[in-house]
Amino acid sequence: DQQVKQNSPSLSVQEGRISILNCDYTNSMFDYFLWYKKYPAEGPTFLISISSIKDKNEDGRFTVFLNKSAKHLSLHIVPSQPGDSAVYFCAASGIRVNAGKSTFGDGTTLTVKP
Amino acid sequence: DTAVSQTPKYLVTQMGNDKSIKCEQNLGHDTMYWYKQDSKKFLKIMFSYNNKELIINETVPNRFSPKSPDKAHLNLHINSLELGDSAVYFCASSQILSGTDLAGYTFGSGTRLTVV
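As the structure is a prediction and not an experimental result, all values here were calculated from the model.

### Describing the overall build of chain A
Here is step 1 of the chain: Each helix and strand counted, chain A has zero helices and 11 strands in total.
Here is step 2 of the chain: Going residue by residue from the N terminus, the α and β elements of chain A occur as β-β-β-β-β-β-β-β-β-β-β.
Here is step 3 of the chain: In terms of overall size, chain A behaves like a compact globule, its C-alpha atoms giving a radius of gyration of 13 Å where 114 residues would be expected to give roughly 13 Å.
Here is step 4 of the chain: Across its three principal axes, chain A shows a C-alpha extent of roughly 45 × 30 × 20 Å.
Here is step 5 of the chain: By residue count, 48% of the 114 residues in chain A fall in the buried class.
Here is step 6 of the chain: Counting only contacts in chain A whose residues sit at least 6 apart along the sequence, the fraction spanning at least 24 positions is 56%.
Here is step 7 of the chain: Of the roughly 5,300 Å² of accessible surface on chain A, 50% is carried by carbon and sulfur atoms.

Take a look at the structure:
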């Protein structure tokens, strides 16, 4: 049972436009949600997180939105830049879920075209 | 100065061999993890240690044995390697924070294990 899902394996956007990456989860006990970016041959790098008590968190060009009733979160990147091209993983974590470890989605490959 | 370093970066070995992957973090974090990324790119937790104590042990064959000599190191030893063990193995560390923010994991660059 995959508790965190990213249904779009890939996304292509034009430089300067908005990139929207989506993630759905099934377990309502998750307390935190995180986004990571991964370049080839490197480990994932933490981008931004949001607590389940919030519905929005912003950090520069990156904003994460959380809709708890829909069990859905999204990452918005504005404006998108070619250097944003990478695989993006969402993850969910909770003290009451799996001893607090993060459960990852299977990633969305973002390509930003110049 | 690398925050989470794993060695080796690449490992090619024959079936049946025993091999180890080493991980070290210099961030002062109290929790370390091993994740496996399979051919479908899915990141799956294997083990977690907090201050040298095993706190998560997922359904992993007992051929895989983690060892944490201190809270800055978490090594992974694999006995009797099988073809299905081929994957990228990531070490990560984190500091559990109170409050409403979660800093996320710091990952190493991964070890690509190929069993032939």
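### Topic: the sheet that holds strand β3 (residues 19–25) of chain A
Residue and element names in this part refer to chain A.
Here is step 1 of the chain: As summarised here, the arrangement of the five strands in space is β1-β3-β8-β7-β6, forming an open sheet in which the pairing is antiparallel. Every interior strand has two partners, whereas the edge strands, β1 (4–5) and β6 (56–59), have only one.
Here is step 2 of the chain: Of the pairings in the sheet, the one linking β3 to strand β8 (residues 72–77) comprises six bridges and is antiparallel in character. Opposite N22, over in β8, you have S74 as the bridge partner.

### A look at the environment of P9 of chain A
Residues and elements named next belong to chain A.
Here is step 1 of the chain: Within the secondary structure layout, P9 lies in the loop between β1 and β2 (10–14).
Here is step 2 of the chain: Owing to a relative accessible area of 61%, P9 belongs among the exposed residues under this scheme.
Here is step 3 of the chain: Taking the C-alpha atoms as reference, P9 lies 9.7 Å from Y88; in sequence the two are 79 residues apart.
Here is step 4 of the chain: Contact partners of P9, with chain neighbours within four places excluded, come to G107, T108 and T109.

### Considerations on a nonpolar patch on the surface
All names here are of chain A.
Here is step 1 of the chain: On the surface, a nonpolar cluster with roughly 230 Å² of combined accessible area is contributed by I18, I20 and V78.
Here is step 2 of the chain: Relative to the elements of secondary structure, I20 occurs in strand β3.
Here is step 3 of the chain: Overall, the relative accessible area of 37% leaves I20 in the partly exposed class.

### Regarding the confidence of the model for chain A
Here is step 1 of the chain: When pLDDT is averaged along chain A, the result is 93, and 96% of the positions lie at 70 or above.
Here is step 2 of the chain: Here strand β10 (residues 103–104) of chain A stands out as the element of chain A with the lowest mean pLDDT, 91, in contrast to β8 of chain A, whose mean of 98 is the highest.

### With respect to the packing of aromatic side chains
Here is step 1 of the chain: Summed over the entire model, instances satisfying the criterion amount to 17 aromatic pairs over all chains.
Here is step 2 of the chain: Ring plane angle 75° and centroid distance 6.3 Å describe the contact between F30 of chain A and F33 of chain A, whose orientation is recorded as edge-to-face. Each member of the pair, F30 of chain A as well as F33 of chain A, is classed as buried.
Here is step 3 of the chain: Taken together, the ring pairs in this structure connect Y36, F46, F89 and F104 of chain A together with Y33, Y35, F90, Y105 and F107 of chain B into an aromatic cluster.

### Here's the deal with the pairing of strand β2 (residues 10–13) of chain B
Residue and element names in this part refer to chain B.
Here is step 1 of the chain: Alternating residues of β2 divide into L11 and T13, all buried, and Y10 and V12, none buried.
Here is step 2 of the chain: Sheet analysis places β2 next to strand β11 (residues 111–115), joined by four bridges and oriented parallel. Within β11, the position partnered with V12 by the bridge is T114.

### Concerning the interface of chain B and chain A
Here is step 1 of the chain: Contacts between chain B and chain A engage 20 residues on the former and 24 residues on the latter.
Here is step 2 of the chain: Taking both partners together, chain B and chain A bury about 1,800 Å²; carbon and sulfur atoms supply 62% of that area.
Here is step 3 of the chain: At the junction of chain B and chain A, the tally comes to zero salt bridges.
Here is step 4 of the chain: Linking chain B with chain A are four residue pairs in polar contact (both at pLDDT 80 or more).
Here is step 5 of the chain: Counting residues per element, the ones that place at least two in the side of chain B that touches chain A are β4 (31–37) and β5 (43–50) of chain B.
Here is step 6 of the chain: Tallied by class, residues from the side of chain B that touches chain A come to 10 nonpolar, six polar and four charged.

Rules of the game
- Residues numbered from 1 in each chain as written.
- Chains lettered and ligands numbered in written order.
- Predicted model: local features only at pLDDT ≥ 70, side-chain atom pairs only at ≥ 80, totals over all residues.
- Heavy atoms only, no water.
- Helix = DSSP H or I, 4+ residues; strand = E, 2+ residues; numbered from the N terminus.
- Rg over C-alpha atoms; globule rule 2.2 N^0.38 Å.
- Buried < 20%, exposed > 50% of the residue type's maximum accessible area, 1.4 Å probe, protein only.
- Contact = heavy atoms within 4.5 Å.
- Areas by Shrake-Rupley, 256 points an atom, 1.4 Å probe, with all protein chains shown as cover.
- Pairing = 2+ DSSP bridges.
- Patch = residues over 30% accessible without salt bridge, like charges linked within 9 Å, V, L, I, M, F, W, Y side chains within 5 Å.
- Salt bridge = Lys/Arg side-chain N within 4 Å of Asp/Glu carboxyl O.
- pLDDT = per-residue confidence, 0-100.
- Phe/Tyr/Trp six-rings, centres within 6.5 Å; stacked < 30°, edge-to-face > 60°.
- Buried area = accessible area lost by both parts, 1.4 Å probe.
- Polar contact = N/O pair within 3.5 Å; in protein donor to acceptor, adjacent residues only side chain to side chain.
- Nonpolar A, V, L, I, M, F, W, Y, C, P; charged D, E, K, R; others polar.

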